[in-house]
Amino acid sequence: MISAQQPLFPNKIQRVMDCQTEEEETCEEQYDSENCTCSSKCASSTAESNSDSPVTLKILQNWVPKVSHYFDKEHYTYVGHQIVIQESIEHFGAVVWPGALALSQYLESNQEQFNLKDKKVLEIGAGTGLVSIVACILGAYVTATDLPEVLENLSYNISRNIQNTNMHKPEVRKLVWGESLNEDFPASTYHYDFLLATDVVYHQAALEPLLATMVYFCKPGTVLLWANKFRFSTDYEFLEKVCNIFNTTVLAEFPESNVKLLKATVREN
């Protein structure tokens, strides 16, 4: 289903955001962005259904109920494979968030549009590793990265789901956004076909380093696929910065989850 969308940054957008209270009250916030230079694909609305409009989707229940002795293991099915994910409440990065489900579903459903077979893929903020695992199933050479404290659980999930298969074995590496990028990933050596990111916009202090990391890895020919839940003004402000730097298109929206999936590429002179 293709739907006509309202402008991504209309003047004085009034949004209803989640308020974390026991009564689940809502609060309203005015957001004003008059200077967004997002491309017409990203920002314009249209009354006609066409290929440039974002697809309106619902995150499918790919979670598979299983009787398990471990309360922290979740079972999913993507691309015909059962994926077992161990979560942890100790770190934000060790939980499967809606953006990961949205991107995993989109990659599974749009393999012709985004063919990952034998492509070099970097996931930043890989968290539990679900998206990296799906990319591996789709045939990619994957490097999954996150903060040091998340790597043990990330490595466990990837090893658990990739072992005894014919898939390319993923690499798990530490990557602190904005730090030692050229030392750890020299631009002369590392070039990726796809940069994947899900639910990476969550802490205001990390937004500038995150943007710097996106800019560093997005070279000519690289496609950034970013899925995120949008609730607060800082989320939209970061999106505006991304639109100002990259050629940006909204591929899909998941209204029930407040998730947007975007494609971005570097602007070539």
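A brief report on the enclosed structure follows. Being a predicted model, the structure only gives us computed values, none of them experimental. (Residues numbered from 1 in each chain as written. Predicted model: local features only at pLDDT ≥ 70, side-chain atom pairs only at ≥ 80, totals over all residues. Heavy atoms only, no water.)

## Brief notes about the overall build of the protein
Next up, step 1: Along its length, the protein carries seven helices and twelve strands.
Next up, step 2: Out of the 269 residues in the protein, the part that is buried amounts to 48%.
Next up, step 3: Counting contacts in the protein only where the partners sit at least 6 residues apart, residues at least 24 apart contribute 66% of the total.
Next up, step 4: When the accessible surface of the protein is totalled, it reaches about 14000 Å², and 48% of it is carbon and sulfur. (Helix = DSSP H or I, 4+ residues; strand = E, 2+ residues; numbered from the N terminus. Buried < 20%, exposed > 50% of the residue type's maximum accessible area, 1.4 Å probe, protein only. Contact = heavy atoms within 4.5 Å. Areas by Shrake-Rupley, 256 points an atom, 1.4 Å probe, with all protein chains shown as cover.)

## Focus on the sheet that holds strand 12 (residues 259–266)
Next up, step 1: Spatial strand order, 3-11-12-10-9-6-7-8: eight strands in an open sheet with mixed pairing. Sheet topology places strand 3 (55–56) and strand 8 (171–174) at the edges, where each strand pairs with a single neighbour.
Next up, step 2: Those strands touched by helix 3 (residues 130–137) are strand 6 (120–124), strand 7 (141–146) and strand 9 (194–198), and its axis lies near 175° from that of strand 7. (Pairing = 2+ DSSP bridges. Axes fitted to C-alpha atoms, helices over the stretch in contact; angles between N-to-C directions.)

## Description of the packing of helix 6 (residues 207–217) against helix 7 (residues 233–245)
Next up, step 1: At a minimum axis distance of 11 Å, the contact between helix 6 and helix 7 shows a crossing angle of 25°. Classed by the angle they form, the pair helix 6 and helix 7 counts as roughly parallel. Handedness of the helix 6/helix 7 crossing: right-handed. Residues Leu207, Glu208, Leu210, Leu211, Met214 and Val215 of helix 6 form the contact with helix 7, whose participating residues are Thr234, Phe238, Lys241, Val242 and Ile245.
Next up, step 2: The residue makeup of the contact of helix 6 with helix 7, split by class, is eight nonpolar, one polar and two charged. (Parallel < 35°, antiparallel > 145°, perpendicular 65-115°, else oblique. Left-handed = near helix turned anticlockwise from the far one by under 90°. Nonpolar A, V, L, I, M, F, W, Y, C, P; charged D, E, K, R; others polar.)

## Remarks on the pairing of strand 8
Next up, step 1: The sheet contact formed by strand 7 and strand 8 spans four bridges and is parallel. Note on strand 8: the bridge partner recorded for threonine 145 is arginine 173.
Next up, step 2: In terms of handedness, the path from strand 7 via helix 4 (residues 148–162) over to strand 8 forms a crossover that is right-handed. (Right-handed = clockwise from strand over helix to strand, strands pointing away.)

## Some thoughts on helix 4
Next up, step 1: With 15 residues, helix 4 extends 21 Å from end C-alpha to end C-alpha; this agrees with the ideal 21 Å at 1.5 Å per step.
Next up, step 2: If you check which residues of helix 4 are buried, you get Val150, Leu151, Asn153, Leu154, Asn157, Ile158, Asn161 and Ile162.
Next up, step 3: Close packing links the buried residues of helix 4 with strand 5 (81–86), helix 3, strand 7 and strand 8.
Next up, step 4: Where helix 4 terminates, the next one or two residues include asparagine 164, which has phi positive at roughly 60°. (Expected span 1.5 Å × (residues − 1).)

## Thoughts on the pattern of salt bridges
Next up, step 1: Scanning the entire structure with this criterion turns up two salt bridges.
Next up, step 2: The shortest N-O distance in the salt bridge between lysine 241 and glutamate 208 comes to 2.6 Å. One end of the pair, lysine 241, is in helix 7; the other, glutamate 208, is in helix 6, with 33 residues separating them in the sequence.
Next up, step 3: Judged by relative accessible area, lysine 241 falls into the partly exposed class, the value being 36%. (Salt bridge = Lys/Arg side-chain N within 4 Å of Asp/Glu carboxyl O.)

## Looking at the nonpolar core
Next up, step 1: Formed by 42 residues in total, the largest nonpolar core has its most connected members in Leu130, Leu196 and Leu225.
Next up, step 2: Leave out the neighbours within four places in its chain, and leucine 196 touches Leu103, Leu107, Val121, Leu122, Glu123, Ile124, Val131, Ala135 and Leu225.
Next up, step 3: Core analysis: the next-biggest nonpolar cluster, separate from the first, contains 30 residues, Ile124, Val242, Phe246 and Val250 among them. (Core = buried A, V, L, I, M, F, W, Y, C linked by side-chain atoms within 4.5 Å.)

## Describing the packing of aromatic side chains
What characterises a pair of aromatic rings is the spacing of the ring centres plus the angle enclosed by the ring planes.
Next up, step 1: If you walk through the whole model with that rule in mind, you get ten aromatic pairs.
Next up, step 2: Among the aromatic residues, ring-to-ring pairing joins Phe185, Tyr190, Tyr192, Tyr216 and Phe217 into one connected group.
Next up, step 3: Lying over the aromatic face of phenylalanine 185, arginine 173 brings its terminal NZ or CZ to 4.1 Å of the ring centre.
Next up, step 4: Sitting above the plane of the tyrosine 216 ring, lysine 219 keeps its charged end 4.8 Å from the centroid. (Phe/Tyr/Trp six-rings, centres within 6.5 Å; stacked < 30°, edge-to-face > 60°. Lys NZ or Arg CZ within 6 Å of the ring centre and 35° of its normal.)

## Section: the pairing of strand 5
Next up, step 1: Bridge analysis of strand 4 (residues 73–78) against strand 5 gives six bridges, and the strand direction is antiparallel. Bridge pairing links histidine 75 to valine 84 in strand 5.
Next up, step 2: With antiparallel pairing between neighbouring strands as the criterion, strand 4 and strand 5 make up a hairpin whose turn holds two residues, including valine 79 at a positive phi of roughly 50°.

## Concerning the environment of valine 201
Next up, step 1: Here valine 201 lies in the loop between strand 9 and helix 6.
Next up, step 2: When the C-alpha atoms of valine 201 and phenylalanine 230 are compared, they prove to be 8.7 Å apart, with 29 residues separating the residues in sequence.
Next up, step 3: Residues contacting valine 201, with those up to four places away along its chain left out, are Leu207, Leu210, Trp226, Asn228, Asp235 and Phe238.

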